[in-house]
Amino acid sequence: MHLNVFTQCSPSPQFKGMWRVPGDRTATGYRSLEYWVSRARQLEAACIDALFFADIHGVYDVYRGSWAPAVRHAVQIPSIDPALLLSAAAAATRHLGFAITYSTTYHSPYECARLFSSLDHLTGGRVGWNIVTSYLRSATANGLGDYLDHDERYDRADEYVQVARALWEDSWDADAVVRDAERDVFTDPTKVREIDHQGRWFTVRGPHQCEPSPQRTPVLYQAGSSPRGVEFAARHAEVVFLTLADPTSGAEPVAALRAAAARHGRDPGMVKALQGTMVMVGRDRAEAKAKAEAYNTLWSSEGQLAKWCGWMDIDLAAFPDETPVDQIRSQASHSFLGFLRKLTPDRTWTVGDVKYLVSRPRRPRVDAPVTLFGTAEQVADRMEQWLTVADVDGFNLIPCPPSDGIDDICDLLVPELQRRGLFRTAYDPAETTLRERYFGAGVRTFRDPARAVAAREG
């Protein structure tokens, strides 16, 4: 299986209130190069595929119409830019991949292309781009760009990726850099070209500012469960993060994703599906139970509401509890509302239901389908079930608590998976790039049949 470890460059990644865990190192280490370098070395020793950094642009300010709850409970604020630490972490490792979140809504594609080419060079081909369409209105209030409706964000993202990939794949020939000192020619200009893109959203002349990097195009990650998000993933993504309710019902959306990729002319085997899930592991049942109790005690209800209201672009505090959620139009993340419908298709969810679901701590259970909780043996059992029933390719593991949870993945869970023959015990030396890690030695760049046909016809 493939294993990524999910984190954020903030005090309390994903689970609000967990910065209060006694001795937690992420709470202060998130702003330290030394901390992230040590984490990278630890994950590489465990043969993890990639360290994955989620990120946002703006501040969660929807709940109660204020950013104060998010600030109070460290809901991705304060935070730092994860792109700036990748070079140091890559210099301390040889095999571990790195993926960072980068918005198609609030950056230009030319800037994006240069950043990821630079990172791909500096990491030796070990970088991935988590493509997101940003949804926080506060980013617009801070001058980052215009707020767009949900589907428009994806329309813009389609063209954005087209532009970035043209810069990566079409602007430079592989042998453009000649380094001919005698003729004073570093790069042959006849092998570098403009892309001359003119579209609805972007006009980009080119040429690309960087020579081809080891992967040219970084590994393309994406997460989104709305119909528009799934179509975007089927067209562009190589690694897709899903949040599935349980293995049995999860089999259908995994199959649908691969079928959608086939409709776009892609090999479904070139799309990896990873279940995104919390993981909490104990050395024995008593320790697991103690961690679950601590999780319940430290849970930040208001912090969770601040995050979820930002995700949904709905201030739950502004509506009576009996209001049906479907009657509240939102242009933010559609994934959560889709998750609710899949969780209980026949239920009409109200604002009060969602407030209860979001704000109340749900103690991890061994038999809970969404979380991986228990001893290493119990967690591995559940992971095997996901692999065989839902047909996922692996997991984007969200450790809880933030720092001890990473220790538990490396020290407890990975050895159990290795014992069962489910996870590598060493990196394959023939797989030198992150894309080769996912798709095998020799797969150096994104395989896009539509572009291949266009190249042949051109």
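What counts and how
- Residues numbered from 1 in each chain as written.
- Predicted model: local features only at pLDDT ≥ 70, side-chain atom pairs only at ≥ 80, totals over all residues.
- Heavy atoms only, no water.
- Domains from an automatic or database assignment.
- Buried area = accessible area lost by both parts, 1.4 Å probe.
- Salt bridge = Lys/Arg side-chain N within 4 Å of Asp/Glu carboxyl O.
- Polar contact = N/O pair within 3.5 Å; in protein donor to acceptor, adjacent residues only side chain to side chain.
- Helix = DSSP H or I, 4+ residues; strand = E, 2+ residues; numbered from the N terminus.
- Contact = heavy atoms within 4.5 Å.
- Axes fitted to C-alpha atoms, helices over the stretch in contact; angles between N-to-C directions.
- Parallel < 35°, antiparallel > 145°, perpendicular 65-115°, else oblique.
- Left-handed = near helix turned anticlockwise from the far one by under 90°.
- Disulfide = S-S within 2.5 Å.
- Buried < 20%, exposed > 50% of the residue type's maximum accessible area, 1.4 Å probe, protein only.
- Core = buried A, V, L, I, M, F, W, Y, C linked by side-chain atoms within 4.5 Å.

1. What to know about the domain arrangement of the protein
Phase 1: Along its sequence, the protein is carved into domain 1 (2–298 + 364–455) and domain 2 (301–359).
Phase 2: Averaged C-alpha coordinates put domain 1 and domain 2 at centres separated by 26 Å.
Phase 3: Between domain 1 and domain 2, a total of about 2100 Å² is buried, with carbon and sulfur atoms accounting for 59% of that surface.
Phase 4: Connecting domain 1 to domain 2 are 2 salt bridges.
Phase 5: Residues Arg137 and Asp313 are paired through a salt bridge, measuring 3.0 Å at the closest nitrogen-oxygen approach.
Phase 6: Across the domain 1-domain 2 interface, the total number found is 7 residue pairs in polar contact (both at pLDDT 80 or more).

2. Topic: the side chain of Asp393
Phase 1: Looking at where Asp393 falls in the secondary structure, it is placed in the loop between α14 (376–390) and β13 (394–399).
Phase 2: Not counting residues up to four positions away in its chain, the partners in contact with Asp393 are Met1, His2, Arg258, Val271, Lys272, Ala273, Leu274 and Leu387.

3. Some points on the packing of helix α9 (residues 247–263) against α14
Phase 1: It is at 8 Å that the axes of α9 and α14 come closest, and there the two elements cross at 45°. What the angle tells us is that α9 and α14 run oblique. Regarding α9 and α14, the two cross each other, and that crossing is right-handed. On α14, the residues that touch Pro247, Thr248, Gly250, Ala251 and Val254 of α9 are Gln385, Trp386, Val389 and Ala390.

4. A word on the state of the cysteines
In a disulfide, the sulfur atoms of two cysteines are covalently bonded to one another.
Phase 1: Evaluated as defined, the whole model comprises 0 disulfides.
Phase 2: Of the cysteine sulfurs around Cys9, a residue in no disulfide, the closest is that of Cys410, at 17 Å.
Phase 3: Free cysteine Cys47: the closest other cysteine sulfur is in Cys410, separated by 9.9 Å.
Phase 4: Overall, Cys47 belongs to the buried group, its relative accessible area being 5%.

5. So, the nonpolar core
Phase 1: Residues Leu3, Ile48, Trp129 and Met383 are the most contacted members of the largest nonpolar core, which totals 80 residues.
Phase 2: With 9 residues, helix α7 (residues 150–170) is the largest single contributor of residues to this core.
Phase 3: With residues near it in sequence (within four places) discarded, Trp129 still touches Ile100, Tyr102, Thr104, Cys112, Phe116, Tyr160, Val161, Trp168, Pro218, Val219, Leu220 and Tyr221.
Phase 4: In this structure, Ala54, Val219, Leu274 and Val443 belong to the second largest nonpolar core, which totals 28 residues.

6. Quick look at the pattern of salt bridges
Phase 1: Under the criterion given, the structure shown has 28 salt bridges.
Phase 2: Here Asp49 ties to Arg424 by a salt bridge, and the two come within 3.1 Å at their closest N and O atoms. On the criterion of sequence distance, the pair formed by Asp49 in the loop between α2 (33–45) and β2 (50–54) and Arg424 in the loop between α15 (402–419) and α16 (434–439) is long-range, its members being 375 residues apart. Per residue, the accessibility class of Asp49 equals that of Arg424, and both read buried.
Phase 3: Lys291 is the salt-bridge partner of Asp408, the closest N and O atoms lying 2.4 Å from each other. Linking Asp408 in helix α15 with Lys291 in helix α10 (residues 285–298), this pair joins segments that are 117 residues apart in sequence. Of the two residues, Asp408 and Lys291, neither departs from the other in class, the shared state being buried.
Phase 4: Put simply, Asp381, Glu384, Glu416, Arg419 and Arg420 are held in one network by salt bridges that share partners.

7. Overview of the side chain of Thr7
Phase 1: Structurally, the position occupied by Thr7 is in strand β1 (residues 2–8).
Phase 2: What Thr7 contacts, discounting residues up to four positions off in sequence, is Pro13, Trp36, Leu51, Phe52, Phe53 and Ala54.

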